Amino acid sequence: MGIKNFRAPQKKAEKNTGNPILVSDYMTKNLITFKPDQSVMDVMNTLIKNRISGGPVVNNNGELVGIISEGDCIKQISESRYFNMPMAETNVENHMAKNVDVIDGNMNIFDAANKFLNSKRRRFPIVENGKLVGQISQKDILKAAIEQKGNTW
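Values in this document were obtained by computation on a predicted structure and should not be read as measured data.

### Examining unusual backbone geometry
In this structure, Lys120 is a non-glycine residue whose phi angle is positive, near 65°. Residue position: Lys120 is located in the loop between helix H4 (109–119) and strand E3 (123–128). Among the residues examined, Lys120 registers a relative accessible area of 72% and is labelled exposed. The residue Asn129 is not glycine, and still its phi comes out positive at about 50°. Topologically, Asn129 is positioned in the loop between E3 and strand E4 (131–137). What makes Asn129 exposed here is its relative accessible area of 81%.

Take a look at the structure:
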């Protein structure tokens, strides 16, 4: 009498084609951007309306010059109350983060995941030839992982 195997037939794991999974494959290309001379109040309205937590700031040439976030806006609210100054007169350029880390669109998505872990950031802009071309977020990394489930990394 032989040993019976009660396991269901196993599905073979799909093989990775060997092509790297790139940031550019999952980045968001249609971005809500802000201008340096835009008012912080306008930014707050846009963030709320679009349910986003921040966005890149670009000049008239489409070059990345900073990032503005909910935190930057909240800081402005606090400062305007403390100094009793109207918020309508404040602009993005005075409150945005100017030293912005970027990710190369040709970076492997898993290397990008590591960069997220090490930096504690929620999003990274992607720049080509000085111009903003997209943005990758932590959610985009999760989407890539879900789509790759069952594949060997």
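Okay, back to it.
### With respect to the side chain of Ser53
As for its placement among the helices and strands, Ser53 is situated in the loop between helix H2 (40–50) and strand E1 (54–58). Ser53 sits in the buried class, given a relative accessible area of 14%. Side chain to side chain, Ser53 and Arg123 meet in a polar contact 2.3 Å long. Those residues in contact with Ser53, other than ones at most four positions away along the chain, are Leu47, Ser69, Glu70, Arg122 and Arg123.

### Let's talk about the pairing of E1
For E1, the buried fraction is high: 5 of the 5 residues fall into the buried class. Across 5 bridges, E1 lies against strand E2 (residues 64–69) in antiparallel orientation. Directly across from Val58, in E2, lies its bridge partner Leu64. Between E1 and the antiparallel strand that follows it, E2, lie 5 residues; Gly62 among them carries a positive phi value of about 80°.

### Some details on the layout of surface pockets
When its volume is computed, the largest pocket comes out at roughly 510 Å³. Lining of the largest pocket is provided by 18 residues; of these, Ile52, Ser53, Arg123, Gln135 and Ser137 occupy positions nearest its centre. Looking at the lining of the largest pocket, the elements that each hand over two or more residues are E1, E4 and helix H5 (138–147). Of the residues that constitute the lining of the largest pocket, the class distribution is 4 nonpolar, 8 polar and 6 charged. A volume near 300 Å³ is recorded for the second largest pocket.

Reading the values: rules and limits
- For every chain, the first residue of the written sequence is number 1, and numbering continues from 1 onward in sequence order.
- For a predicted model such as this one, the threshold for reporting local features is a pLDDT of at least 70, and the threshold for listing and counting side-chain atom pairs is 80 or more; totals across whole chains, interfaces and linings nevertheless cover every residue.
- For the side-chain quantities, the full set of heavy atoms in the structure was used; hydrogens and water were omitted.
- Counting from the N terminus, the helices are DSSP H or I runs at least four residues long and the strands are E runs at least two residues long.
- For every residue, the accessible area obtained with a 1.4 Å probe (protein chains only) is divided by the maximum for its type, and the residue is called buried under 20%, exposed over 50%, and partly exposed between those limits.
- Counting of polar contacts relies on pairs of N or O atoms within 3.5 Å, with two restrictions inside protein: one atom must be capable of donating a hydrogen and the other of accepting it, and residues adjacent in sequence are counted only when both atoms are side-chain atoms.
- Working rule for contacts: check all heavy atoms of both residues, and any pair within 4.5 Å makes them a contact.
- For two strands to be treated as a pair, DSSP must find no fewer than two bridges joining them.
- Buriedness of a pocket was judged along seven lines, with at least five required to meet protein on both sides within 12 Å; pockets are open sets of points on a 1 Å grid over the protein atoms alone, cavities are sets where a 1.4 Å probe fits but cannot get out, and lining residues have an atom within 4 Å of a point.
- Grid points are joined across faces, edges and corners, and a volume is the space filled by probe spheres set on the points.
- Residues were grouped as follows: Ala, Val, Leu, Ile, Met, Phe, Trp, Tyr, Cys and Pro as nonpolar; Asp, Glu, Lys and Arg as charged; and all remaining residues, including Gly, as polar.

Remember that the coordinates give geometry; whether it matters functionally is a separate question.
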